[in-house]
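Each chain, written out:
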Amino acid sequence: MNRPAPLLLHVNGATHLVSADAATPLLYLLRNDLALNGPKFGCGLGECGACTVLLDGMPTRACVTTAKVALGREITTLEGLGTRAALHPVQQAFIEEQAAQCGYCLNGMIMTAKALLDRDPHPSVETIRRELSRNLCRCGTHVEIVRAVQRAAELLAAQAAAQSAVHAGERA
Ligand code: FES
Ligand code: FES
């Protein structure tokens, strides 16, 4: 039997070689081959958002995206945002607002929120609701999730202000 040609995947700033058919769903390669378990298997049909990763910064459902589509593109998973010791502001905000019950949806909520805040640092509540509307949460923590995205926007703004103060100090 012919073995599939190795595939080069760029994930969270590193390059990985995996041996798989190019039609394999990206989610399987991330979880099973690379042990990146941030993205979750929910529906497997592109409906719930639990498997969301960023492909070149765009929220993408990894359960219905083949490895072939991801080749040559930068894949970011939840593990690529922050660490336990240095959380990304979006992760920090979700913890502070206690936006999880079972937490199964949170990977998709956080990755989608990250992409939104990269594009629109000060989204309205309506925009947050619209952008997250295709991410399903069966536990009903929607109010806390919207608050978490608002808090993340505040944390990111404070972080940017602190960085520009440091840079101004360096130039002075
Ligand atoms: S598991 Fe991918 S959208 Fe539900
Ligand atoms: S917190 Fe359980 S699905 Fe959202």
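These remarks concern the structure in this document.

The rules we used
Residues numbered from 1 in each chain as written. Chains lettered and ligands numbered in written order. Predicted model: local features only at pLDDT ≥ 70, side-chain atom pairs only at ≥ 80, totals over all residues. Heavy atoms only, no water. Pairing = 2+ DSSP bridges. Helix = DSSP H or I, 4+ residues; strand = E, 2+ residues; numbered from the N terminus. Axes fitted to C-alpha atoms, helices over the stretch in contact; angles between N-to-C directions. Contact = heavy atoms within 4.5 Å. Parallel < 35°, antiparallel > 145°, perpendicular 65-115°, else oblique. Left-handed = near helix turned anticlockwise from the far one by under 90°. 1 Å grid on protein atoms, 1.4 Å probe; cavity = no way out; pocket = protein on both sides within 12 Å on 5 of 7 lines; lining within 4 Å. Points joined across faces, edges and corners; volume = space filled by probe spheres on them. Domains from an automatic or database assignment.

Sheet strands pair by backbone hydrogen bonding; their relative direction is either parallel or antiparallel. If you trace the 5 strands from one edge of the open sheet to the other, you get β2-β1-β5-β3-β4, paired in mixed fashion. Looking along the sheet, the strands with just one partner apiece sit at the ends: β2 (14-19) and β4 (58-61). Mean inter-strand twist for the sheet, computed between neighbouring axes without regard to direction, equals 40 degrees. Bridge analysis of strand β1 (residues 6-11) against strand β5 (residues 74-76) gives 2 bridges, and the strand direction is parallel. Within β5, the position partnered with V11 by the bridge is I75. Helix α1 (residues 26-33) rests against β1, β2, β3 (52-55) and β5 of the sheet, and its axis sits at about 85 degrees to β1.

What follows covers the packing of helix α4 (residues 106-119) against helix α6 (residues 142-171). Where α4 meets α6, the closest approach of the two axes is 11 Å, and the angle between their N-to-C directions is 40 degrees. Classified by the interaxial angle, the pair formed by α4 and α6 is oblique. Judged by the twist between their axes, the crossing of α4 over α6 is right-handed. Contacts between α4 and α6 involve L106, M109, A113 and L117 from the former and I145, V149, A152, A153 and L156 from the latter.

This part is about the layout of surface pockets. Approximately 370 Å³ is the volume attributed to the largest pocket. In this structure, the largest pocket is lined by 16 residues; those nearest its centre are L78, L87, Q91, I95 and I110. For the lining of the largest pocket, the elements supplying multiple residues, two or more each, are α3 (89-96) and α4. Each of domain 1 (6-80) and domain 2 (89-171) accounts for three or more of the residues forming the lining of the largest pocket.

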